[in-house]
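Structural features, examined
Here is what each chain is made of, one letter per residue.
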2 protein chains.
Amino acid sequence: MEKKYIYDFSEGKKDMKELLGGKGANLAEMTNIGIPVPFGFTITTEACHEYSETNKFPEGIFEEMENKIKLVEEKMGMKFGDPTNPLLLSVRSGAAVSMPGMMDTVLNLGLNNAIVEGMIQKTGNERFVLDSYRRFIQMFGDVVMDVAHHDFEKILHAKKEAKGTQFDTDLTSDDLRELITEFKAMVHDKLGKDFPEDPLEQLKLSIEAVFASWNNSRAVLYRKLNDITGLQGTAVNVQAMVYGNMGDTSGTGVCFTRDPATGENIFYGEYLMNAQGEDVVAGIRTPKELDTLGEQNAEVYKELCDIRVKLEQHYKEMQDMEFTIQEGILYILQTRNGKRTTASGVKMAVDMVSEGLITKKEALLRIEPNSLNQLLHKRLDPESKAKFEAVAKGLPASPGAAVGQAVFDAHKAHDWAEYGKTVVLVRTETSPEDLIGMNASQGILTSRGGMTSHAAVVARGMGKCCIAGCADVIVHEAEGYCEVKGQRVNEGDIITLDGTSGELFIGKIESIDPELSGDFETIMNWADEFRRMKIRTNADTPHDSEVAIKFGAEGIGLCRTEHMFFEGERIKAMREMILSADLEGRKKALAKLLPFQKADFKGIFEVMGERPVTIRLLDPPLHEFLPKEEADIKEIAGEVGLSVEKLHEKIDSLHEVNPMLGHRGCRLGITYPEITEMQTRAIIEAAIEVKKEKGTNFVPEIMIPLVGNVNEFKNQKDLAKKTADGIIAESGVELKYMIGTMIEVPRGALTADAIAEHAEFFSFGTNDLTQMTLGFSRDDVGSFVPEYIEQGIFEKDPFQVLDQTGVGQLVKMAVEKGRAGRENIKLGICGEHGGDPSSVEFCHKVGLDYVSCSPFRVPIARLAAAHAVIKESQ
Amino acid sequence: MEKKYIYDFSEGKKDMKELLGGKGANLAEMTNIGIPVPFGFTITTEACHEYSETNKFPEGIFEEMENKIKLVEEKMGMKFGDPTNPLLLSVRSGAAVSMPGMMDTVLNLGLNNAIVEGMIQKTGNERFVLDSYRRFIQMFGDVVMDVAHHDFEKILHAKKEAKGTQFDTDLTSDDLRELITEFKAMVHDKLGKDFPEDPLEQLKLSIEAVFASWNNSRAVLYRKLNDITGLQGTAVNVQAMVYGNMGDTSGTGVCFTRDPATGENIFYGEYLMNAQGEDVVAGIRTPKELDTLGEQNAEVYKELCDIRVKLEQHYKEMQDMEFTIQEGILYILQTRNGKRTTASGVKMAVDMVSEGLITKKEALLRIEPNSLNQLLHKRLDPESKAKFEAVAKGLPASPGAAVGQAVFDAHKAHDWAEYGKTVVLVRTETSPEDLIGMNASQGILTSRGGMTSHAAVVARGMGKCCIAGCADVIVHEAEGYCEVKGQRVNEGDIITLDGTSGELFIGKIESIDPELSGDFETIMNWADEFRRMKIRTNADTPHDSEVAIKFGAEGIGLCRTEHMFFEGERIKAMREMILSADLEGRKKALAKLLPFQKADFKGIFEVMGERPVTIRLLDPPLHEFLPKEEADIKEIAGEVGLSVEKLHEKIDSLHEVNPMLGHRGCRLGITYPEITEMQTRAIIEAAIEVKKEKGTNFVPEIMIPLVGNVNEFKNQKDLAKKTADGIIAESGVELKYMIGTMIEVPRGALTADAIAEHAEFFSFGTNDLTQMTLGFSRDDVGSFVPEYIEQGIFEKDPFQVLDQTGVGQLVKMAVEKGRAGRENIKLGICGEHGGDPSSVEFCHKVGLDYVSCSPFRVPIARLAAAHAVIKESQ
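Structural notes, computed from the coordinates. Remember, predicted model here, so these are calculated numbers, not experimental data. (Residues numbered from 1 in each chain as written. Chains lettered and ligands numbered in written order. Predicted model: local features only at pLDDT ≥ 70, side-chain atom pairs only at ≥ 80, totals over all residues. Heavy atoms only, no water.)

Things to note about the overall build of chain A
Applicable threshold: We count a stretch as a helix when DSSP gives it H or I for four or more residues in a row; a strand needs E for two or more, and each element gets its number in order from the N terminus. Under the scheme applied here, a residue whose accessible area is under 20% of the maximum for its type counts as buried, over 50% as exposed, and between as partly exposed, the area being computed with a 1.4 Å probe on protein chains only. Contact between two residues is taken to exist if any of their heavy atoms lie within 4.5 Å; hydrogens are not considered. All accessibility values rest on the Shrake-Rupley procedure with a 1.4 Å probe; residue burial counts only the protein chains present in the view. Positive charge is attributed to Lys and Arg, negative charge to Asp and Glu, and no charge count is given to His or to the chain ends. Just so you know, the charge point we use is NZ for Lys, CZ for Arg, CG for Asp and CD for Glu.
Looking only at helices and strands, chain A features 35 helices and 31 strands. Structurally, chain A occupies a C-alpha span of about 105 × 60 × 55 Å along its principal axes. Counting across all 874 residues of chain A, residues that qualify as buried make up 58%. In chain A, the share of contacts with a sequence separation of at least 24, taken over all contacts with a separation of at least 6, comes to 69%. In the form shown here, chain A has an accessible surface area of approximately 35,800 Å², with 48% of it arising from carbon and sulfur atoms. Within chain A, the 137 negative side-chain charges are centred at a point lying 4 Å from the centre of the 100 positive side-chain charges.

Comments concerning a negative patch on the surface
Residues and elements named next belong to chain A. As a reminder of what qualifies: Here, patches come from residues exposed beyond 30% relative accessible area and free of salt bridges, joined within 9 Å for like charges and within 5 Å for nonpolar side chains (Val, Leu, Ile, Met, Phe, Trp, Tyr). Should a side-chain nitrogen of Lys or Arg be within 4 Å of a carboxyl oxygen of Asp or Glu, the pair is scored as a salt bridge.
A cluster of acidic side chains, namely E270, E289, D291 and E295, defines a negative patch on the protein surface. In this fold, E270 is placed in strand β7 (residues 268-273). E270 sits in the partly exposed class, given a relative accessible area of 38%.

Focus: the pattern of salt bridges
Residues and elements named next belong to chain A. One pass over the structure, following the stated rule, counts 112 salt bridges over all chains. A salt bridge links K190 to D151; the shortest N-O distance between them is 3.5 Å. Taken as a pair, K190 in helix α7 (residues 173-191) and D151 in helix α6 (residues 149-163) lie far apart in primary sequence, 39 residues in all. The exposure class assigned to K190 is exposed, which follows from its relative accessible area of 51%.

Brief notes about the packing of helix α21 (residues 542-550) of chain A against helix α23 (residues 583-608) of chain A
Residues and elements named next belong to chain A. Rule in force here: Orientation is described by axes fitted as lines to C-alpha atoms, over the contacting stretch for helices, and by angles from 0 to 180 degrees between their N-to-C directions. Under this scheme an angle from 65 to 115 degrees is roughly perpendicular, one under 35 degrees roughly parallel, and one over 145 degrees roughly antiparallel; angles in between are oblique. Handedness of a crossing follows from how the near helix is turned relative to the far one, being left-handed for an anticlockwise turn of less than a right angle and right-handed for a clockwise one.
Between α21 and α23, the least distance of the axes is 8 Å, while the angle of their chain directions is 15°. Overall, the two elements α21 and α23 adopt an arrangement that is roughly parallel. In this structure, α21 meets α23 at a crossing whose hand is right-handed. In contact with P542, S545, E546 and I549 of α21, α23 contributes G603, I604, V607 and M608.

Topic: the packing of aromatic side chains
In this description, a pair of aromatic rings is defined by centroid distance and the angle of the planes. Note the cut-off: Any pair of Phe, Tyr and Trp rings, taking the six-membered ring for Trp, is counted once the centres come within 6.5 Å. Such a pair is stacked with planes under 30 degrees apart, edge-to-face with planes over 60 apart, and tilted for the rest. Either the NZ atom of lysine or the CZ atom of arginine qualifies as a charge over a ring when it sits within 6 Å of the ring centre and within 35 degrees of the ring normal.
For the structure on display, the rule yields 40 aromatic pairs over all chains. The interplanar angle of 50° and the centroid separation of 5.5 Å between the aromatic rings of Y51 of chain B and F57 of chain B together place this pair among those described as tilted. The pair Y51 of chain B / F57 of chain B is uniform in exposure class, with both members buried. Across from the ring centre of Y850 of chain A, 4.0 Å away, lies the NZ or CZ of R536 of chain A, which sits over that ring. A cation sits over an aromatic face here: R223 of chain B above W214 of chain B, 3.7 Å from the ring centre.

Concerning the sheet that holds β7 of chain A
Residue and element names in this part refer to chain A. To keep it simple, the criterion reads: For two strands to pair, DSSP has to find at least two bridges joining them.
Here five strands make up an open sheet; going across it, the order is β8-β7-β6-β9-β10 and the pairing antiparallel. Looking at the sheet topology across the chains shown, the edges are occupied by β8 (288-289) and β10 (329-337). Bridge analysis of strand β6 (residues 251-256) against β7 gives six bridges, and the strand direction is antiparallel. Among the inter-strand pairings, V254 is bridged to a residue of β7, identified as E270. Together, β9 (319-326) and β10 form the strand contacts of helix α12 (residues 298-315), whose direction differs from that of β10 by roughly 25°.

Re the interface of chain A and chain B
Under the convention used in this document: Note on definitions: buried area is the accessible-area loss of two parts on being combined, 1.4 Å probe, summed for both. Two N or O atoms form a polar contact when they lie within 3.5 Å of each other; inside protein one atom must be a possible hydrogen donor and the other a possible acceptor, and for residues adjacent in sequence the pair counts only when both atoms belong to side chains. Throughout this entry, Asp, Glu, Lys and Arg are counted as charged residues, while Ala, Val, Leu, Ile, Met, Phe, Trp, Tyr, Cys and Pro are counted as nonpolar. The remaining residues, Gly among them, count as polar.
Listed as interface residues are 46 residues of chain A and, on the opposing side, 46 residues of chain B. Summed over both sides, the interface between chain A and chain B buries roughly 3,900 Å², with carbon and sulfur atoms accounting for 55% of that surface. There are two salt bridges connecting chain A and chain B. The salt bridge partner of D803 of chain B is R747 of chain A, with a shortest N-O separation of 2.6 Å. On inspection of chain A and its partner chain B, the count reaches 34 residue pairs in polar contact (both at pLDDT 80 or more). Elements supplying a minimum of two residues to the side of chain A that touches chain B: α26 (666-671), α28 (710-731), α29 (746-750), α31 (766-774), α32 (785-790) and α33 (807-821) of chain A. Taken together, the residues of the side of chain A that touches chain B sort by class into 18 nonpolar, 19 polar and nine charged.

As for the sheet that holds strand β30 (residues 826-829) of chain A
All names here are of chain A. With respect to topology, eight strands assemble into a closed barrel ordered β24-β25-β26-β27-β28-β29-β30-β31, the strand pairing being parallel. Pairs of neighbouring strands in the sheet enclose a mean axial angle of 25°, with direction left out of account. Here β30 pairs with strand β31 (residues 850-853) via two bridges, running parallel. Bridged to I829 within β31 is V851.

Quick word on the pairing of β6 of chain A
The two faces of a sheet get side chains in turn, since along a regular strand they alternate between them. Residue and element names in this part refer to chain A. Within β6, five of the six residues are buried, leaving the element largely enclosed by the surrounding structure. Pairing analysis gives six bridges linking β6 to β9, with the strands arranged antiparallel. Pairing of V254 across the sheet is with E322, part of β9.

Some details on the relation of the copies chain A and chain B
Rules: For this overlay, a least-squares fit was computed on C-alpha atoms, restricted to residues scoring pLDDT of at least 70 in both copies.
Each copy of the sequence occupies a distinct position, and chain A is placed on chain B by a rotation of 180° and an axial shift of 0.2 Å, giving an RMSD of 0.4 Å. What the rotation and shift describe, once combined, is the action of a two-fold rotation axis. Identified as the residue of chain A closest to the rotation axis by C-alpha distance is N658 of chain A, at 2.2 Å. Most of the interface of chain A is mirrored in chain B, where 100% of its interface residues are also at the interface.

As for the environment of E477 of chain B
Residue and element names in this part refer to chain B. For E477, the location among the structural elements is in the loop between β18 (473-476) and β19 (481-484). On the accessibility criterion, E477 (26% relative accessible area) is partly exposed. As a C-alpha pair, E477 and V426 span 51 residues in sequence and 8.4 Å in three-dimensional space. Setting aside its immediate chain neighbours within four residues, E477 contacts F408, R427, T428 and E429. Of note is the side chain of E477, whose polar atom sits 2.7 Å from the backbone nitrogen of T428.

Re the nonpolar core
The cut-off we apply is this: Note on terminology: a nonpolar core comprises buried Ala, Val, Leu, Ile, Met, Phe, Trp, Tyr and Cys residues joined through side-chain atoms within 4.5 Å.
If you look at the biggest cluster of nonpolar residues, it comprises 293 residues, and the most contacted ones within it are F605 of chain A together with L372 and F605 of chain B. In this view, F605 of chain A contacts V613, I615, I683, A686, A687, V690, F698 and P700 of chain A; residues no more than four positions away in its chain are not counted. One finds M78, L87, V238 and C255 of chain A within the second-largest nonpolar core, a separate group that totals 93 residues.

Things to note about the pairing of β31 of chain A
All names here are of chain A. Where burial is concerned, the two faces of β31 agree: the one with Y850 and S852 and the one with V851 and C853 are both buried. Judged from the four bridges that link them, strand β24 (residues 534-538) and β31 form a sheet pairing that is parallel. Its bridge partner being in β31, I535 is matched across the sheet by V851.

Quick notes on the environment of I33 of chain B
Residues and elements named next belong to chain B. Along the chain, the position of I33 falls in the loop between α1 (17-32) and β2 (40-43). Measuring from C-alpha to C-alpha, the distance between I33 and K310 comes to 8.8 Å, with 277 residues separating the pair along the chain. Among all residues touching I33, those that are not within four sequence positions of it are K310, L311 and H314.

Thoughts on the packing of helix α27 (residues 673-694) of chain B against helix α28 (residues 710-731) of chain B
All names here are of chain B. Two elements in contact, α27 and α28, have axes whose closest approach is 9 Å; the angle formed by their N-to-C orientations is 35°. Where α27 crosses over α28, the handedness of that crossing is right-handed. Where α27 approaches α28, its residues P673, T676, E677, T680, R681, I684, E685, I688 and K692 are matched on the opposing element by Q716, L719, A720, T723, A724, I727, I728 and S731. Residues of the contact of α27 with α28, tallied by class, amount to eight nonpolar, five polar and four charged.

Geometric descriptors of this kind do not, in isolation, establish any biological role.
Structure follows, in structure tokens:
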């Protein structure tokens, strides 16, 4: 049998998108379920592919096409190329994946001088026919013949000027006749050949042009940017033209089967009588609301309402439709799943389940987990925002909105906030010393650093809006102001950050609080019904823990103890510890820290109730706690009783070339066992007191960081166990606890079997594991990772989306080895990837017991974990 | 059958070391081949083990022992505990592994008052018998009864003082009788019980004491430090006593079957007549050379000479023997493999092969590869060194010796050397900017940094002596002097470094040049006969290449191109490139570098002939090439036409938090393709010219560094290939070349299959692979790795000895995946581990094709590669 290159609309169906493109498949689907679609046919993507390869049309395709044209003529009762009753055609591209505006379209095809006169005879509407012909010449000339759009516009413009009119619609039939002549003359001038008069030739040339548009530079770039691969080409839809501008009984409109903004189950749309599709969009005439269409034509409106129900029942999805009424007869030109906001999508999904239209599983899959972000953060009021212009744009490092007074010093930010001011912290970059100020601010703006810089990571953890790496902002911290492209922002000036877009504004824009509606909760509850994995959160304070519980966290997967050392008296004692010359001195300083740590842990245990809490022992290198600025060094030298010179020496001696790979994690606990002892004591004493006071039954989990060698783990476990068991025995309270480790050093993954023999749980620290497996310092990748992603070396930023090919292998290996070493070992992840949907799916597949992410990503992780189960079952 | 706890000397043999200990097994072996050994028996290590576990003697052991004593009595014709003809015994420990001095010994056992009198009767030598008893009481009292050695010495000392004598030997029989009485009284005083008179009780208590000594703290520590594990305990050797101090026909001596210092096949040793073993060692009397023994007793000397031959033939190894002549009868008390210098060991091994005593394989296995280091570097003349005292000690970072004038600035070192001075460079630490001075110096001394610091690595590569991290040296670079524990060393003062011990001396010590004797070459040639792996070298200059070829290198496995950028005009052009604002500027600067690079490569290709040369493209981050000191910054700002402020900004913008994981390796080549282009051009043009001029047929290998993702490799390969093919086509010369990659990022190993589809070779960069797999920054591990090794967390420094458990897994995986991706892929290693014997063995086992190491380690690698094959075949 010969290859079939053309399907008429009665031959296709909606799941033939690969071959017929999305538009073609849907036109066929509608045709077959009895929706009034102007008849036509689709030339397959295969034909396009062959054309691209050989640069000519496949053999036999024109015979096939002539047969199909006959069918269209029969169905429409008109004849292509016949002046007495001419069939006009549209030619539209349509690939399997929507590529809006990227490829070409020709309308009104099939007109020439003779047919124009015949049509005028037939319709009695001279102006309409001439205007159609004028538009056709313009479109065909541009798309098919490659004459610049601009060249036609110039002539049109001159004509209007000459006639003293403003709108195209003001041109008379005579004017249009002149225009047509002038257009054709210009084409002949430019190309040295005539505008084609033969309808069939027009059709073939148009199809060829659409095929060729598949590989035009716009389309190639679009596919590259949107990572669209594996397609054969575009299909071409050839369809009978219908007209909404044939008089007052004609019209055209766009409608949605539900309200795309709110999700409400109402018929929503706009239309214009005696108009063409583009007029609705162009905004020259104001369209009318759909529910007034009944007043124009009750029958057509009823028919449209019936079609609305039929299409939604059929597609089980909110539809975005285009329709045209030609002299009282309704045609549907297109249907597709409608775009919507996250909030409306959630409402529709819940409604459709209660309407029995879709299942819970289907409802869950309709919601892209990351889109929940929109529901979880304060955002700028679009109306208010529209009145402002952004002065600079940085990386959208943490979503949400922040409005407040600019402050350039963390301590000042803290102080101002204490006085009740709302502040935005602006820094070149941030360090742990700035935590106090970040915590006190509405949002953070930095001029340096990437999506995973300190500012970005901490801000996301805090659920605070952050713009990072906004290079146009030059911050003068010492002087207390910044410059944005020559504009000066002083301390106290109001600025607004849009963390979702990365835009910076000077002045105050109104913002909108997140609304966690009932439907959102319903979706979350359904997600919980399906998911296997538990969702924990990364939280270091009682407040974060409370927020996370509200968002559905079932435990803490990572409580970082170092953040607790940065405030007030604590940092003093911490520095005293670091600067002590001997064990005695360190123990004395640690004794001062103990009550703080203990109080922190008590607070967290009280909030978390019986939920599990994993506490990681001190991780960062000690130099992070020491001052960097000369003024601070002077002050601190006085406090700890060292000369400034000595303090400099000490700071220098702690300097590291690659702190990421230096003296940190369990390496600290091994060289300074007294730190591990103090932290264990704080955890266990806090747990005992909470248990005594509240009677809650919980099992704290002590996590040893940065283990790469089982001997490291054994060393720290023995020490922690000895300390804990002693305290428990003394207290007389029965308390269980667990000791486990982070798997974040490649060697830890490689030797996970040995480690699992001693560790009761693993938590994958995929941030560090990514850094070491890839050899990428998070702080330094800004110089090449953007280029890597642009060049396609990595598809995604591996710090945002887990690198399954590389890092994933180590995670898998460690899971297998971990279970081999200890059958019932508890396995989780606490890197930033714990809140990324595709990474969560990976975690499910490799069999982790839980993922842990920042409080504001808990709902995303809940949904992603449910998706993973549902997709697996399909 | 009951368990056998005791073996008499006729029952054991030399391969029963596990059960009988080394000493016992050899005593038995000698007995069985007819060597005159005082008869005795060995109590097994199993008995010791049971004693340790249960704290009592195994059942039935005493019956067994009484039978064995009877046998000894028969053989020796004496009777244990019989005053008329008493058998005296020695009790000595002896484990399977030698633990010199760690456990206890009792001699002269079996004496008491009655027996002493009987013996005096029998021997007629009152003083000898009394002295023996005195010694026995002292030894037994100390070892078995736990009376402090000091308490006996005090009495002895008082006695000598009272008698006005200086030596023990001056004490008369009467003095000794008094001493014995006083000793016994003191013991009774201290312990409240009598010194035991019953010989059998003495024996049992002594055996118990030796068993107990297995777990004394000295022995436990020794085993820990020397990593001796898996032993059951010590054996106990009970042997008839013989005496060399029974008059002028008695004597004792130590001898070696060959000269241990030179390796010559001569009988070498010393003896003393009428003396005990300890007298030979103690140095109070000067021993005589062995060849004069014939004058004393020709018959005994001949017998000893025969035994020498017999033992060497039997053991096929140079023996270290102890002998005693008792009243004209020769006894051999011990034999063992003798210690030797590397040079003598090499000579003996070669001689023994030509004597037909051992095979080549055995000869090779006798030489520990690392010991060849002794033969490969200049060393201090021990005689001259003995006159000096070290003023400080640092890490022995690169072996050898250096004598010269101290200089504290690299450029000055270079200049002084140009004027013909010999200099030693002294710095706090070194950076690539110091290369020029390091190269010009005899040796390098740094006060900071570890075994793998820049100074250490570069010095080893250059084969130059280096002491690193010598913390007692405080260097004042700017002022041009250093202080060593208060002593001042000015610029120009002569200092001496011993890189093998890490000792620093002030003043000039004479040194000895390395002698590569004919035997050494013979051993190397034999090694070449056996090894499968090729040995390449890491060399960046024609000079290094020449040295390496002399040492047997078969190619260059790593030619680092960045070292070529640090001198004179080059560094200027390099900085110009880095500081250029745009591509244009970078290309201009690179064009200046091209001729330098090309000339470098030509020089290397010319030296290497048809041997393969792997050239690595630029690897370090660009900021390494920028100035750090304020003065340099000022100067360079002028040179490149930037303001000092702008230059500071540029330097700041290139600063990286973790340069190890930053913008380096192929990441540079991807973001600045013009660098890869220039380097490829330099390589290919150089190769074409050498081929044209010399007609040599060689295949240059271009190596892309730091690949973790196949797309990185493809990007750089495509670029290099395009550049190379263009040049080759233009030249008209046929030139083959290969493009491969370093595997040094964990992700590179994990995805080696994909990379191998495009890469023609892999070279394992185990330095960086270790850094990333373990998360250890080489520059920063000084703060915890020493403690890790002390605590046994890592057995060895993983930068010196490949971590087979962790990093080794990745290497293995990458080898398997690499071969899966490309069957005939060439695999090698170019990390520092390429010169470490155990790591070389690992490389052989996993199937690498070659190892590459610094020139001075090439012979070590050759031998280690042969060892690997020989061990595998066994």
